[in-house]
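What the coordinates show
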Amino acid sequence: MKKIIILLFFVLSISLYSQEYKWYKGNIHTHTNHSDGDEYPERVVQWYKDHEYNFLILTDHNILTETKYLDYNGNEDNFILIAGEEVTSNYNKKPVHLNGINIKKVVPALKGNSVSETIQKNIDAILEAGGIAMLNHPRWRKAITANDVIGIKNCDLLEVYNYNQSSNNFAAGGEESTEMFWDRLLSKNMKLWGAATDDTHNYIGEFSYNKANPGKGWVVVRAKELTPDAITNALKNGDFYASVGVVLKDIKITDKEYKIEIVADSMMNYTTFFIGKDGKVLKEDYSHTPSYQFKGDELYVRARIFCSSGEFAITQPYFLKK
Ligand SMILES: [Zn+2]
Ligand SMILES: [Zn+2]
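Residues numbered from 1 in each chain as written. Chains lettered and ligands numbered in written order. Predicted model: local features only at pLDDT ≥ 70, side-chain atom pairs only at ≥ 80, totals over all residues. Heavy atoms only, no water.

Attention shifts here to the coordination of the zinc ion (ligand 2). Summarising the metal site, the zinc ion (ligand 2) is bound by the protein donors His29 (NE2), His31 (NE2), Glu86 (OE) and Asp199 (OD), whose distances to it range over 2.0 to 2.2 Å. Angles of 80 to 168° at the metal separate the four donor atoms of the zinc ion (ligand 2), which places the site in the irregular class. The sequence motif formed by the donor residues of the zinc ion (ligand 2) is H-x1-H-x54-E-x112-D. Here the zinc ion (ligand 2) and the zinc ion (ligand 1) are spaced 3.5 Å apart, and both take Glu86 as a donor. Highlighted residues: Glu86 in strand 4 (residues 84-91) and Asp199 in the loop between strand 8 (193-197) and strand 9 (218-223), separated in sequence by 113 residues. No difference in accessibility class separates Glu86 from Asp199, as the two residues are buried. (Donors = N, O, S within 2.8 Å, 3.2 Å for Na, K, Ca; no water. Tetrahedral: all angles 85-135°; square planar, octahedral: opposite > 155°, others 65-115°. Helix = DSSP H or I, 4+ residues; strand = E, 2+ residues; numbered from the N terminus. Buried < 20%, exposed > 50% of the residue type's maximum accessible area, 1.4 Å probe, protein only.)

Here it is in structure tokens:
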């Protein structure tokens, strides 16, 4: 009997080991006409299915859009829905929006006595509802500063690229980019993973630069299986990259180096910037397999892979052990 149990354990561990990680593409910030999106949930889901996404999180404002009837066949079609909500609050007319991902119940938007307290209260409520939290578009309408976020606890994700107009993703007018905002928080040892999203609102009519159309920014998650819990865990652990066009084949991080493989087009050029504390560029690498050897005093290292087409991807910070 004991032998059989040992044998079973052996077979089970081999089958678990052989279960390989795969990369799954998804959009984690999406509106439908249940809030201020212009299309029915069924058609929204169909758009993402038709464009080879593997998962989608519908995040209507202060509504938990029912997903069961939209996703009746599980992952049979290599596509799943994950429950979500954009918990939409404000402080002193400044918008404070957080996505609750994989929540089990609707999260009522809460208010605090400051921007920071409003952020924290809603994060706590999202966790209480069984989900993980993403702080959305911090620079939208110039609402949130890095100082408002320093010291915030239990937030796993930061929306670094939000493709809605007036999200102020990029540096201009003497104000910093959201990537620099992110580096300020990382430099305070806050472990926040960077995401890119569509924040989709517009599915009807001509797609244009000033509309919140689908297909602009996404995440690619490494997980063993395509289930809401496996994808959520990978997001929580930072096992993903965010993309605005550039596709990666692999990311390998050991205690010695940070290595990336780009799915490169030989007709275009690539520069990978390895970035550390305070947004400092540590190395520029022009190859299709950029790598960075750790020195030990960087605090963290992350990468931005920029293509001559204007497309790019960002990978997650690796915090060096002291
Ligand atoms: Zn929002
Ligand atoms: Zn939104």
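What follows is about the environment of Leu127. Structurally, Leu127 can be placed in helix 3 (residues 115-128). Along the primary structure Leu127 and Asn154 are separated by 27 residues, whereas in three dimensions their C-alpha atoms are 8.2 Å apart.

Spatially, five strands are ordered 4-5-6-7-8 in an open sheet, and the strand pairing comes out mixed. The sheet terminates laterally at strand 4 and strand 8, the two strands that pair on one side only. Taking each pair of neighbouring strands and ignoring which way they run, the sheet shows an average axis angle of 35°. Bridge analysis of strand 4 against strand 5 (residues 94-101) gives eight bridges, and the strand direction is antiparallel. Bridge pairing in strand 5 places Tyr91 opposite Lys94. Helix-sheet contacts for helix 3 involve strand 4, strand 5 and strand 6 (132-135), and the interaxial angle to strand 5 is about 20°. (Pairing = 2+ DSSP bridges. Axes fitted to C-alpha atoms, helices over the stretch in contact; angles between N-to-C directions. Contact = heavy atoms within 4.5 Å.)

On their own, these measurements won't tell you what the molecule is for.
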